[in-house]
Amino acid sequence: GASKAGLIKRPKSIPEKQATAAIGQILLMDEYAGAFKKHSITIAQMLLTRDAIEDRTRYVNARNTLLTLLELGAVPIINENDSVAIDEIKVGDNDNLAALVSSLIGADLLIMLTDIDGFYVGGKLVSEVAEITASIKKEAKASASEVGTGGMITKLEAACVANDAGTDVLIVHGREKDILLRVINGEKLGTLFPTKKSKLESKKRWIAHGLKVSGEIIIDSGAAKALCEQGKSLLAVGIKDIKGTFEEGSLIKITAENKELARGLTNYKSADIKKIKGKKTTEIE
């Protein structure tokens, strides 16, 4: 878009960025339409922003649209709606957008194409990363180009989101000939980040990844055991403290000993939780 508008460098102001994104989007879809036309495949365009994922109704609508497009045999081309996006509603990079879309539709596999063969540790290509640890994250140094955003660090962030939703992630070299066909035919390429989790149902995936966290609830060990091992709801008696200001229905993370255990939608606003924390259910009213 910037090139078509006659700009030599990447634009810096928000209006310029959004204007050139609007120009570039048409050029991009032209390229996709031409490429797929050779194979008599219909494409569709979907432009998303973070608020479309955060709003439950819009999330369900986007999911239904995507699944219907696939049923119709069309290939959805998904991008962030850069011509209207502002920081408050931006996902920010296509790696994390891809992970959110994978979660949205409950994908089995997310393939991320990059300009290297996969994930490297100490200069050696790793065929599989069983767990994304702090040391693995250190190996991933962010690299942003003049044109794009992101780098290996955003791919790891995205892999965490996708894995958490029950989706395997594979990072491969995008310029290798027939790379997608080779992957789908079972050839061992790139770096696999296998998920250890079963696929969450749609609403739980939305709670886990579709919303921004508004606050934190710190619980005791008894509540942590009931929540994580017995699958029970969180009761006020197990709450030790809260952080942040939020309203009823907000997404909050639940922690114990500085470790995040769960996320959920709260039935109480923060001011009320301060009053009822540590109380038995019979005392709440």
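Structural data are supplied above this passage.
The following paragraphs examine the structure supplied in this document. (Residues numbered from 1 in each chain as written. Predicted model: local features only at pLDDT ≥ 70, side-chain atom pairs only at ≥ 80, totals over all residues. Heavy atoms only, no water.)

**Here we look at the sheet that holds strand β7 (residues 191-193)**
Hydrogen bonds between backbone groups are what pair the strands of a sheet, and the pairing can be parallel or antiparallel.
In step 1: Strands sit in the order β3-β6-β7 across an open sheet of three strands; the sheet is mixed. Each of the sheet's edge strands pairs with one partner strand only, and the pair in question is β3 (109-114) and β7. Averaged over all neighbouring strand pairs, the angle between strand axes comes to 20 degrees, with direction disregarded.
In step 2: Across three bridges, strand β6 (residues 168-173) lies against β7 in antiparallel orientation. Among the inter-strand pairings, Leu170 is bridged to a residue of β7, identified as Leu192. (Pairing = 2+ DSSP bridges. Helix = DSSP H or I, 4+ residues; strand = E, 2+ residues; numbered from the N terminus. Axes fitted to C-alpha atoms, helices over the stretch in contact; angles between N-to-C directions.)

**With respect to unusual backbone geometry**
For residues that are not glycine, phi is negative in most cases, and the peptide bond is trans in most cases.
In step 1: Residue Glu257 is not a glycine yet carries a positive backbone phi of 55 degrees.
In step 2: Counting through the fold element by element, Glu257 comes out in the loop between β10 (251-256) and β11 (259-265).
In step 3: Given the relative accessible area of 77%, Glu257 is considered exposed.
In step 4: Not every positive phi belongs to a glycine, and Asn258 is a case in point at roughly 65 degrees.
In step 5: With respect to the helices and strands, Asn258 occurs in the loop between β10 and β11.
In step 6: The exposed category is assigned to Asn258, whose relative accessible area is 81%. (Buried < 20%, exposed > 50% of the residue type's maximum accessible area, 1.4 Å probe, protein only.)

**Description of the packing of helix α4 (residues 94-105) against helix α6 (residues 152-164)**
In step 1: α6 packs onto α4 with a crossing angle of 10 degrees between their chain directions and a minimal axis gap of 8 Å. As far as their axial angle goes, α6 and α4 are roughly parallel. Contacts between α4 and α6 pair Asp95, Asn96, Ala99 and Leu100 from the former with Thr154, Lys155, Glu157, Ala158, Val161 and Ala162 from the latter.
In step 2: For the contact of α4 with α6, the per-class residue count stands at five nonpolar, two polar and three charged. (Parallel < 35°, antiparallel > 145°, perpendicular 65-115°, else oblique. Contact = heavy atoms within 4.5 Å. Nonpolar A, V, L, I, M, F, W, Y, C, P; charged D, E, K, R; others polar.)

**Observations regarding the sheet that holds strand β8 (residues 215-219)**
In step 1: Pairing in this open sheet of four strands is mixed, and the strands run β9-β8-β10-β11 from one edge to the other. The sheet is open, and its two borders are formed by β9 (239-243) and β11, each paired with just one other strand. For this sheet, the mean angle separating the axes of adjacent strands, direction not counted, is 25 degrees.
In step 2: Sheet topology note: the β8/β9 ladder contains four bridges and is antiparallel. Of the residues in β9, the one forming a bridge with Ile218 is Asp241.
In step 3: Here helix α9 (residues 221-228) sits on the sheet and contacts β8, β10 and β11; the angle it forms with β8, its principal contact strand, is near 105 degrees.

**Details of the packing of aromatic side chains**
In step 1: Taken as a whole and assessed by the stated rule, the structure comprises two aromatic pairs.
In step 2: Between Tyr32 and Phe36, the aromatic rings sit 6.5 Å apart at their centres with planes inclined by 35 degrees, giving tilted as the arrangement. Of the two residues, Tyr32 and Phe36 both sit in helix α1 (residues 14-37), four residues apart, roughly one turn of that helix.
In step 3: Relative to Phe193, the ring of Phe119 has its centre 6.2 Å away and its plane inclined at 70 degrees; by these criteria the two rings are edge-to-face. (Phe/Tyr/Trp six-rings, centres within 6.5 Å; stacked < 30°, edge-to-face > 60°.)

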